[in-house]
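# Tertiary structure, described
So the chains spell out like this:
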Amino acid sequence: MYSSLEIPSELLAQYQAELEGTSPHGSPLNAAAGTSVRRPHNSQLASNAIRKRTRTLSGKAKPYKQLDIRIPLDASFESVKVNLWEVARGLISHWSHLKDEDFQVKQYSGGLTNKLFKVTADVCGEQQVILIRVYGDKTGKMLDRESEIVVIQELHRQGMSARFYGTYANGCAYGHVEGRPLSVHDLWGDKEISDKIAMHVGRWHAVVQVPQLDQQPNLWRTINKWISIVPEDYSHLDAEQSAQLRALKIDIKQEAAFLESELMKINSPIYFCHSDLNPGNIILSPDGGSIMLIDHEYACYNYRGFDLGNHFCEYITFDIDLSKYPARATQLAFLRTYLRTYYHHYNNTTT
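Note that the structure is predicted; figures quoted are calculated from it, not measured.

## Re the packing of aromatic side chains
- Under the criterion given, the structure shown has 13 aromatic pairs.
- Judged by centre distance (5.3 Å) and plane angle (75 degrees), the ring pair of phenylalanine 272 and tyrosine 301 falls under edge-to-face. Of this pair, phenylalanine 272 sits in strand β8 (residues 270-273) while tyrosine 301 sits in strand β11 (residues 300-303), and the two are 29 residues apart along the sequence.
- Accessibility expressed as a relative area gives 4% for tyrosine 301, which makes it buried.
- An angle of 70 degrees between the planes, with centres 6.5 Å apart, marks the rings of phenylalanine 312 and tyrosine 315 as edge-to-face.
- For tyrosine 315, a relative accessible area of 3% gives the class buried.
- Put simply, the rings of Tyr271, Tyr338, Tyr342, Tyr343 and Tyr346 pair up and form one aromatic cluster.
- The aromatic ring of tyrosine 135 is capped on one face by arginine 145, whose charged end is 3.7 Å from the ring centroid.
- The cationic tip of lysine 324 hangs over the ring face of tryptophan 188; the distance from NZ or CZ to the ring centre is 4.4 Å.

Listed below in structure tokens is the structure:
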């Protein structure tokens, strides 16, 4: 067993070799992929430990409220507010008597697939807050909404997520996490925040289990599912966009199959992963002492390397500024903190 301050030298060597571009055995690796980590424990012993610390639960979500209300994505903000008040009253029992003037609504910016609203209610002078999410059009083809509900409910039970309140026709509502979402500038320049992220992810990987879900990695199934809904031609786009896509000359199915065949050789360990560790999904508490992960749409059993590598890729932003990708020393510092926390919590849950 490892203490919270000790990391096996061979494991750090493995990470360092990955960042240099070769494995300890000399085979080439993709440093940016972040997936060349092998399970440090005997896999069978780890599997036994996981089974010991999980409960046998059904494969479905626990009962929750469902409303037959639809919020149009293209409606005016004033119209949407009326729908939001109706959803809030229907899902929160002790809000059912509130009047329109008892509510305040704020829309968050930056969502890629959804619209997110903060709804604050004045209940006898106390400000109570929930978040209401409106699903993006056709996102149900990309995401498993029922699994997401299972995940939120189980994470809340384990103290890793806010409470889930229920759904309506094209969205859901859950508790509000106090604090501020991080920005990419926090990733670039704040070692203390980076350490907090590493510690939280290390704890998450060590202790979080969602036994209701399939425990096989979901990465390739998701990629192939998304590929299946990519249009065969680009006639619906304008001429410039169509020309840009044709110029790529990439067979995306062949590319995905190649990546899967190569990355499967790495044997990255499988944990329950958040799978979308961008700074906007990381909330820093008001006192700056801790963080919480939000938006669990992509959370599933997955390769540990994907969670870590994906987080490092968030440094380069959507502008793909490769100069912002974390340096080797930055990655190693993050991984040391991650491993210390992981082993500390793993040891506590298996002894």
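## Observations regarding the side chain of glutamate 154
- Secondary-structure assignment places glutamate 154 in helix α4 (residues 145-157).
- Within the structure, glutamate 154 has its side chain in polar contact with the side chain of arginine 157 (distance 2.6 Å).
- Engagement of the side chain of glutamate 154 in a polar contact is seen with the side chain of glutamine 212, the distance being 3.4 Å.

## Considerations on unusual backbone geometry
- For asparagine 267, which is not a glycine, the phi torsion comes out positive at approximately 60 degrees.
- Assignment of secondary structure puts asparagine 267 in the loop between α9 (252-263) and β8.
- Despite not being glycine, aspartate 295 has its phi angle at roughly 55 degrees, a positive value.
- Topologically, aspartate 295 is positioned in the loop between β10 (291-293) and β11.

## Considerations on the pattern of salt bridges
- One pass over the structure, following the stated rule, counts 12 salt bridges.
- The salt bridge partner of lysine 81 is glutamate 78, with a shortest N-O separation of 3.4 Å. Of this pair, lysine 81 and glutamate 78 both sit in helix α3 (residues 77-91), 3 residues apart, which is roughly one turn of the helix.
- Judged by its relative accessible area of 17%, lysine 81 is buried.
- In this structure, glutamate 262 and lysine 265 form a salt bridge, with 3.1 Å as the shortest nitrogen-oxygen distance.
- Here glutamate 262 falls in the partly exposed class, since its relative accessible area comes to 34%.
- For lysine 265, a relative accessible area of 55% translates into the label exposed.

## Side note on helix α6 (residues 191-207)
- Between the first and last C-alpha of α6 there are 24 Å, a value that for 17 residues agrees with the 24 Å anticipated at 1.5 Å per step.
- Of all 17 residues that make up α6, 12 are buried, and the element is covered over most of its length.
- Buried residues of α6: Ile193, Ser194, Asp195, Lys196, Ile197, Ala198, His200, Val201, Gly202, Trp204, His205 and Ala206, and no others.
- Its side-chain oxygen 3.0 Å from the backbone nitrogen of glutamate 192, aspartate 190 forms the N-cap of α6.

## Observations regarding the environment of lysine 265
- In this fold, lysine 265 is placed in the loop between α9 and β8.
- Reaching out from lysine 265, the side chain makes a polar contact with the side chain of glutamate 262 at a distance of 3.1 Å.

## A word on the confidence of the model for the protein
- Chain-level pLDDT for the protein is 82 on average; 82% of the residues reach the 70-or-more range.
- When the criterion is pLDDT under 50, residues 1-8 qualifies, and its contacts beyond four places in sequence or with other chains add up to 17 contacts.
- Segment residues 18-58: pLDDT under 50, and 87 contacts once partners within four positions in sequence are set aside and those in other chains are kept.

## Some thoughts on the sheet that holds β10
- The antiparallel open sheet is built from 3 strands, whose spatial order is β7-β9-β10. Each edge of the sheet is formed by a strand with only one pairing partner; in this case those strands are β7 (180-181) and β10.
- Pairing of β7 with strand β9 (residues 282-284), which is carried by 2 bridges, proceeds in the antiparallel orientation. Bridge pairing in β9 links arginine 180 to leucine 284.
- Across the sheet, α6 touches β7, β9 and β10, and the angle it forms with β10 is around 50 degrees.

## Description of the environment of valine 151
- In this structure, valine 151 sits in helix α4.
- Using a relative accessible area of 1% as the deciding quantity, one classes valine 151 as buried.
- Spatially, the C-alpha atoms of valine 151 and glutamine 212 are 8.6 Å apart, while their sequence positions differ by 61 residues.

## Quick look at a nonpolar patch on the surface
- Together, Leu245, Leu248, Ile250 and Ile252 make up an exposed nonpolar region whose accessible area comes to about 370 Å².
- Relative to the helices and strands, isoleucine 252 resides in helix α9.
- Under the relative-accessibility criterion, isoleucine 252 is labelled partly exposed at 45%.

## Points about the pairing of strand β4 (residues 126-135)
- In terms of burial, β4 is largely enclosed, as 7 of its 10 residues are buried.
- Across 10 bridges, strand β3 (residues 114-123) lies against β4 in antiparallel orientation. Along β4, the bridge assignment pairs alanine 121 with glutamine 128.
- Hairpin connection, β3 to β4: the antiparallel pair is bridged by 2 residues, and cysteine 124 has positive phi, about 55 degrees.
- Here β4 runs beside strand β6 (residues 171-175); their pairing, made up of 5 bridges, is antiparallel. Looking at the pairing, valine 134 lines up with glycine 171 of β6.

How each quantity is defined
- Residues numbered from 1 in each chain as written.
- Predicted model: local features only at pLDDT ≥ 70, side-chain atom pairs only at ≥ 80, totals over all residues.
- Heavy atoms only, no water.
- Phe/Tyr/Trp six-rings, centres within 6.5 Å; stacked < 30°, edge-to-face > 60°.
- Helix = DSSP H or I, 4+ residues; strand = E, 2+ residues; numbered from the N terminus.
- Buried < 20%, exposed > 50% of the residue type's maximum accessible area, 1.4 Å probe, protein only.
- Lys NZ or Arg CZ within 6 Å of the ring centre and 35° of its normal.
- Polar contact = N/O pair within 3.5 Å; in protein donor to acceptor, adjacent residues only side chain to side chain.
- Salt bridge = Lys/Arg side-chain N within 4 Å of Asp/Glu carboxyl O.
- Expected span 1.5 Å × (residues − 1).
- pLDDT = per-residue confidence, 0-100.
- Contact = heavy atoms within 4.5 Å.
- Pairing = 2+ DSSP bridges.
- Axes fitted to C-alpha atoms, helices over the stretch in contact; angles between N-to-C directions.
- Patch = residues over 30% accessible without salt bridge, like charges linked within 9 Å, V, L, I, M, F, W, Y side chains within 5 Å.
- Areas by Shrake-Rupley, 256 points an atom, 1.4 Å probe, with all protein chains shown as cover.

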